Amino acid sequence: MVMPPSHTHSPTDADTAYEAVMDAIVTQKLAPSQKVSENVLTDMFDISRTAARNLMERLTAQQFLVSLSPRVTRVAPLTLLEVKQNFAMRKMLDPELFVMAAPHVEYGDLFALNAALCETGDMTDDDTALRVLKTNKDFNLKVCEKVSYPLLVHWVRQLEDTTMRIYWVYIKTRGSLPFTPGDHGEILRVMQNAQADRIRRQIVEILSVCEERVLNAVFSSERFHTQDLRV
């Protein structure tokens, strides 16, 4: 069974509500370009109108929601441009983050998370697929949090949430992740040896393969002949 992701802080009610809404965006229960309002969030997630309003402001600032007018807000579309931008940003940030974090991470925790990814179960099951994506996100965040740059961690969290949206599309199209747990295991072994150049090469190589696989999945599927990558 895949372990649920752990956290370095105690989640607040606002964190819990945010995670629930992000899960719905990732799994497309709130679909790309779907109209969203305080009433929609209040009804779907059993939260107050104040909490819904705060979430909409937060998600709009992070560009997961798009405000088209004072009365119309929609889930941000997931487009090819968004996919390419996400991979480009991660190729710039992740190699240096993993190099800087290598001397400080708890390798036992990371190997445990990687072991959890090895026990993914049936990826056609939505709950399992979401747990796997969140475990992968937790793996990456546990690394970047050791760099101790709060603003950088904030950016990486946003990139990781977008990555979950992208990888969800791949899972629903291909029935698997675009990488293997063995890729993570190899990264950890290189990090333990503090080989900076090899860490950078390994990260870029894995991200490049993932990008190629995701784009191939999109281009080869008739369902994606629109700007909204809906599944």
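Rules behind the numbers
Residues numbered from 1 in each chain as written. Predicted model: local features only at pLDDT ≥ 70, side-chain atom pairs only at ≥ 80, totals over all residues. Heavy atoms only, no water. Core = buried A, V, L, I, M, F, W, Y, C linked by side-chain atoms within 4.5 Å. Buried < 20%, exposed > 50% of the residue type's maximum accessible area, 1.4 Å probe, protein only. Helix = DSSP H or I, 4+ residues; strand = E, 2+ residues; numbered from the N terminus. Domains from an automatic or database assignment. Contact = heavy atoms within 4.5 Å. Axes fitted to C-alpha atoms, helices over the stretch in contact; angles between N-to-C directions. Parallel < 35°, antiparallel > 145°, perpendicular 65-115°, else oblique. Left-handed = near helix turned anticlockwise from the far one by under 90°. Nonpolar A, V, L, I, M, F, W, Y, C, P; charged D, E, K, R; others polar. Expected span 1.5 Å × (residues − 1). 1 Å grid on protein atoms, 1.4 Å probe; cavity = no way out; pocket = protein on both sides within 12 Å on 5 of 7 lines; lining within 4 Å. Points joined across faces, edges and corners; volume = space filled by probe spheres on them. Pairing = 2+ DSSP bridges.

The chain is annotated in an unreviewed UniProt entry as GntR family transcriptional regulator from Eilatimonas milleporae.

Caption draft 1: Layout of the nonpolar core. Of all hydrophobic cores here, the largest spans 70 residues; its most connected members are Leu-41 and Met-191. At the level of elements, α1 (13–26), α3 (49–61), α4 (80–101), α5 (107–118), α6 (126–144), α7 (150–174), α8 (181–192) and α9 (196–219) are the ones that each hand at least two residues to this core. Both domain 1 (13–75) and domain 2 (80–220) contribute no fewer than three residues apiece to this core. Those residues within four positions of Met-191 in sequence are excluded, and the remaining contacts are Phe-98, Ala-102, Val-105, Tyr-107, Val-143 and Ile-199.

Caption draft 2: Here's a closer look at the packing of α4 against α7. Between α4 and α7, the shortest axis-to-axis distance is 10 Å and the interhelical angle comes to 135°. When the axes of α4 and α7 are compared, the pair comes out oblique. As α4 runs across α7, the sense of the crossing is left-handed. Here α4 contributes Glu-82, Val-83, Asn-86, Phe-87, Met-89, Arg-90, Leu-93 and Leu-97 to the contact with α7, which in turn contributes Leu-152, Val-156, Leu-159, Thr-162, Thr-163, Ile-166 and Tyr-167. When grouped by side-chain class, the residues that make up the contact of α4 with α7 number 10 nonpolar, 3 polar and 2 charged.

Caption draft 3: Quick look at α4. Taking 1.5 Å as the rise per residue, α4 with 22 residues should run 32 Å; its terminal C-alpha atoms sit 31 Å apart, in good agreement. Within α4, burial applies to Val-83, Asn-86, Phe-87, Arg-90, Leu-93, Asp-94, Pro-95, Leu-97, Phe-98, Val-99 and Ala-101. Close packing links the buried residues of α4 with α6, α7, α8 and α9.

Caption draft 4: Summary view of empty space enclosed by the protein. Tallied over the entire structure, the rule returns 2 cavities of 30 Å³ or more. One number sums up the size of the largest cavity: a volume of about 170 Å³. Where the lining of the largest cavity is concerned, the elements lending two or more residues are α4, α6, α7, α8 and α9. Per-element tally for the lining of the largest cavity: the top contributor is α9, with 4 residues. Classifying every residue of the lining of the largest cavity by side-chain character gives 9 nonpolar, 3 polar and 3 charged. Of the volumes computed, that of the second largest cavity is approximately 30 Å³. Among the elements of the structure, α4, α6 and α7 are those that each provide at least two residues to the lining of the second largest cavity. The leading source of residues in the lining of the second largest cavity is α4, at 3 residues.

Caption draft 5: Summary view of the pairing of strand β3 (residues 72–75). Here strand β1 (residues 35–36) pairs with β3 via 2 bridges, running antiparallel. In the strand pairing of β3, Lys-35 is matched with Arg-74. Where strand β2 (residues 65–69) lies against β3, 4 bridges are found, and the strand directions are antiparallel. For Val-66, the partnering residue across the bridge sits in β3 and is Arg-74. Once β2 ends, the chain turns through 2 residues before running back antiparallel as β3.

Caption draft 6: Looking closely at the environment of Ala-76. The residue Ala-76 is located in the loop between β3 and α4 in this model. Separated by 148 residues in sequence, Ala-76 and Phe-224 have C-alpha atoms that sit 16 Å apart. Beyond its immediate chain neighbours, meaning those up to four positions away, Ala-76 contacts Pro-32, Ser-33, Gln-63, Phe-64, Leu-65, Val-66 and Arg-165.

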